[in-house]
Each structure stands twice: as structure tokens, then as C-alpha cells.
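Next come the chains, spelled out residue by residue.
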Amino acid sequence: MEVALNCHRLLVCQKHFLIRLPPFKLPSLRKIKSLVFHSQQNVRPLRGFSCRTMASSGTTPCIQVKDKIDLNDKEKEIFDRLLQVLRHFNLQTQLRVAGGWVRDKLLGKECYDIDIALDDMLGREFCEKVNEYLSHKGEEKQGIGVIQCNPDQSKHLETARMHLFDVWIDFVNLRSEHYSENSRIPTMEFGTAKEDAYRRDLTINSLFYNINTSSVEDFTERGLTDLKYGRIVTPLPPLETFLDDPLRVLRAIRFGARFGFVLDEKLKEAAASDKVKTAIADKISKERIGHEIDLMISGNQPLKAMNYICDLQLFWVIFSLPDKYTPALLEGCDRLCIAFMDAGWNLLQEIGFSTFNDEERRLYFYGLLFLPLRKTDYDIKAKKFPIVNHIFRNSLKLKANDAEMVVNLHKASERFISLIHCVESNEDIKLAKGYLGRETLDVPVDSRKRILAGLENVWEMKPLVNGKDIMNILQMKSGGPQVKEWQQRLLEWQLAHPSGTAEECHDWLRETYSKRAKLG
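Residues numbered from 1 in each chain as written. Predicted model: local features only at pLDDT ≥ 70, side-chain atom pairs only at ≥ 80, totals over all residues. Heavy atoms only, no water.

1. Some points on the environment of Thr 60
Among the secondary structure elements, Thr 60 is positioned in the loop between α2 (39–42) and α3 (73–89). Residues Thr 60 and Lys 228 lie 168 residues apart in sequence; the distance between their C-alpha atoms is 8.9 Å. (Helix = DSSP H or I, 4+ residues; strand = E, 2+ residues; numbered from the N terminus.)

2. A few points about the sheet that holds strand β5 (residues 114–118)
The strand order β6-β7-β8-β5-β4-β11-β12 describes an open sheet built from seven strands, whose pairing is mixed. A single partner strand is all that each edge strand has here, and the edge strands are β6 (144–147) and β12 (215–217). On average, each strand axis in the sheet is inclined to that of its neighbour by 30°, with strand direction left out of account. Strand contacts of α3: β4 (95–98), β5, β7 (159–164), β8 (167–173) and β11 (208–210), with the helix running at about 45° to β8, the strand carrying the most contacts. (Pairing = 2+ DSSP bridges. Axes fitted to C-alpha atoms, helices over the stretch in contact; angles between N-to-C directions. Contact = heavy atoms within 4.5 Å.)

3. Things to note about the pairing of strand β16 (residues 383–386)
Relative to β16, strand β15 (residues 377–380) is paired through four bridges, and the arrangement is antiparallel. Bridge pairing links Ile 380 to Lys 383 in β16. Between β15 and β16, which pair antiparallel and follow one another directly, the connecting turn spans two residues, one of which, Lys 381, has a positive phi of 55°.

4. A closer look at the confidence of the model for the protein chain
Per-residue pLDDT for the protein chain has a mean of 82; in total, 76% of the residues score no lower than 70. Confidence drops under pLDDT 50 across residues 1–54; counting only partners more than four residues distant or on other chains, this segment forms 134 contacts. Below pLDDT 50 for its whole length, residues 431–440 participates in 20 contacts with residues either more than four positions away or in separate chains. (pLDDT = per-residue confidence, 0-100.)

5. Some details on the side chain of Lys 283
Tracing the backbone shows Lys 283 in helix α11 (residues 274–283). Summary of buried charges: Lys 283 has no salt-bridge partner, and the nearest side chain of opposite charge, Asp 244, is 5.9 Å away. Here the side chain of Lys 283 touches Leu 243 through a polar contact of 2.7 Å, landing on its backbone oxygen. (Buried < 20%, exposed > 50% of the residue type's maximum accessible area, 1.4 Å probe, protein only. Lys, Arg positive; Asp, Glu negative; His and termini not counted. Salt bridge = Lys/Arg side-chain N within 4 Å of Asp/Glu carboxyl O. Polar contact = N/O pair within 3.5 Å; in protein donor to acceptor, adjacent residues only side chain to side chain.)

6. A word on the nonpolar core
By size, the foremost hydrophobic cluster in this structure holds 96 residues, and its most contacted members are Leu 82, Ile 293 and Met 306. Residues in contact with Met 306, not counting those within four places in the same chain, are Ile 293, Met 296, Ile 297, Phe 319, Ile 338, Met 341 and Leu 369. Counting residues in each nonpolar core, the second largest holds 12 residues, with Val 465, Trp 486, Trp 508 and Leu 509 among its members. (Core = buried A, V, L, I, M, F, W, Y, C linked by side-chain atoms within 4.5 Å.)

7. Some points on the side chain of Lys 105
Structurally, Lys 105 is set in helix α4 (residues 100–106). Excluding residues that lie within four positions of it along the chain, Lys 105 makes contacts with Lys 66, Ile 69, Asp 70, Leu 71, Asn 72, Glu 75 and Glu 110.

Below, the structure written as C-alpha cells:
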């Protein structure tokens, strides 16, 4: 499916028909400047995704939170086995499940990411105890994977990983953190459960489930309350929290968008401060920024997340631009990016989110977000490149294929827009020379609209002729650009002749090549 987007209407070409949506206008630049995108009002949940009612700052809890954690059979097996290890070695170790698992279970969601915090030993040491116990029971030992500390991956301590009952479990010791002024890498020490809770990014992620006592522990004394009221709050003062580790700003945004929770006012003030902006630029690797943004775009509320980024004046901090580019971007371009994404979000709700798979939807939202930047270029060694390429490769450090795909989507949308009149017209369509190739194709009349608009499942179409066939038919000794050119032209022939056979394709290739050779 191809989506053509301009500032007046969206047309979707799907399968054998056009879905015509009512014309709409994006907000004017003046209106964009004055807009405050309150995501509670402007963002609708995408069909097919589960999203809770937007949280409020009122006095009545608005999020349904369980009174206790109900373990499934697999979790009971795992936790019972760990308690057996404690009893066998007469250990006084307190085993606590930390973070997201506790939060999700209290929200009634299943979670298979189990991280266990230990109060008196390293994760690797406890895993070795588990293996000793398994050996004593005559059971097979399990491999122990040790993940070294890696601050760029938000791993500040060594983590041990072990497979128990077909589930990977992470083990790490409780810790306290102390940060130096110019680094997001903390000095780590053994800590208490309370110290560990306060060094977490958000109160809703600071909860523990004590396996020994089968109880939820809230050492910040507000994690459960903030979860019930749908609030995104840091355990410590937000400016201190963000300057210690600026990545937490993006995590706060991501969780706020994911759960529809409200960002605390002091948190927003701190996140939008110049100090934190500088810290984001200086202390976080681009790979980590890109990873967090990718999780937002791939999540259930990408528009809400981008709204938060824009509201906090972080758009150009995150999606940083090269020093020089042309033409200059209009004031309020960040709001325009959000407006295009909003329009595409609404469209996707109309046609249904299942139109795209997860990867296609991810690229679709990136394409929408950066659509206003599609005509802006920057120079590398006197050669022009789309500025979108810089954002993907340098600002976010995402895959080169992502940059290429989004740039191609922008180019395709421009071509599609130019063909809207032809698609809607009942008149005979004459394809302009050069549109489908170097020479004019002899295209059957009933196939012309199909080429311009149909393209149904074109991504699934297999070429009738491969590169090796081309080389044999044209008696080429080696491949290269010429083979690639003929592959493209043969694909165009297939689109023009959907019922064509491989033999007919071979004949057309020989004939066309012969004509070109005679013309010199």
C-alpha cells in the first residue's frame, strides 16, 4: 500500500480501489505556533492497541491497580525453586523482583521480564548457588551468562542471567549510586532496598515484590499511589535525577505515553531546563537516544510521545540537525512535524492499524514525523543529502536502511501526489516519456491506472527474470549497474503486463536491447 500525503488531503491506494477521505487542512503556521499539544485532548488510541483511560491529576484514583500480585504457574515454579536454594544453603538473602514486572503485574498485565535484586551478594554468586543446588538434586546445571556493566546500555552493574523453567531470569545486587559532574556513569556500591528504590528512574518503577514474604514493597512510599493516579514522578528531585542520568527524561516520556499517565509538573520543568538539554546532548550516546525513540515510535502511543518531546522543547535536542543545511526551516517546524504525524495517526485509525505490520507502521510514523523536512538538504564533501538521512544516521544512530526507506517514502509520496489527477480522471491516461523508464513502454490501456495507482501487493511480486538471466540473455560477461538498470526496467514491464509470462518478458528484453543497440 502506498500512502500519499500533502497538506490538503490524504489518499490511500489499497488493493483494487481508492479509499477517498474527506479533504482536510493542516493547521496554518500561525496556528501551529500557538498550539499547545495537550496529548490528553488531542491523541486518540490506535485501534487494536490496549490503552488505559488517560490519567488525571484529580483526587480520585483513575487506574485500576491490584491489591496483590497473582503469580501464574510458571512464576510459582521459579520462585519456589529460588526459595529452595535459600533453605538448602541456609541463606538469609532477601530476593526481590524489581521494576517493570511488579508494575505490570499490579496493572493486571503479564510480564516475562523478571529481574531479581539481591541484598547481600552478586548475581553471579547466587546463580552459582542455584547450580550447586541443581547438582545436589541430580538435575542438570544451567549456563550462567554474565553481562558486564555497560553505561551506554544503561547497565551500571554486572548482571548475571540464568535459564529457569524456560524463562531467562536476571540477577543483580541492590545498589546505591553516586554520579560525577561530567559523566552519567555512576560509582556503584552495595545498597539497601530503600536506596535502590530511590535511585530508580520513576516511582512506578521503584516497586519491589519480595519473594521471601510474597509482598509488594514501596520504599519511596508513593510508587503505588502514583500508579493508581497515573502519575509520572521521579523518586528524587527531578532535576537531580535527570542530571545524574539524562536518559531518564526519555524513559519518563516513553512510560508516560505508553500508559497514558500525566507527567509531573516539576518533572516537566526540569526536563525542559537548559541544564538538562545540555546534559542530554553531552552525556547520552546517540545510540541510546535512538533506542528510546525507536521504542516510542514502535509503541502504542507514538504521537503522544512525540507530543511530550515537543512540549518539553526537546525536539531539536533529540533530532539534532547538522550545522549547515538548506533551505532554512520555518519557525515552528517541530510543531508542523507533529501536525503531520497527527494527520497520519487519524488516517490510520480510519483504515485500521492492521493495514501495516509492526515494521511498516514504524516506518510510516517516521515518514510522517519527518515529512516537513523532506526538501531540506545538507552537504557532505560537496554532495547533497536529505537532512532526514542525518537524523537517522547521526542523531539517532539507527539503521542506514531506515534512513533510505523513509527518504524513499518521501520521494514516492511526491510522485504519487503528482498522479492524483490522472488516477481520478476518467480520461485515457498517457504516460509521459521517462516516467517509467528511459524509453516509452507500450502499456495496455487497462493497465495504465493499475501502474499509476493500483500496485496491489507490489512488494510481494517476484521478478520474472533475475540478474543471472539478464546476463545470459544479453550475453554480458559481468554484472554491475547495467544489470541493475535492466532489472528495474523489467519490473516496470511486469507492472504494465500483470499477466505476462517469463518467456514474453525475455522476448521484450531482447527486442528492447536490440533497438537500443541499433540507436547506438
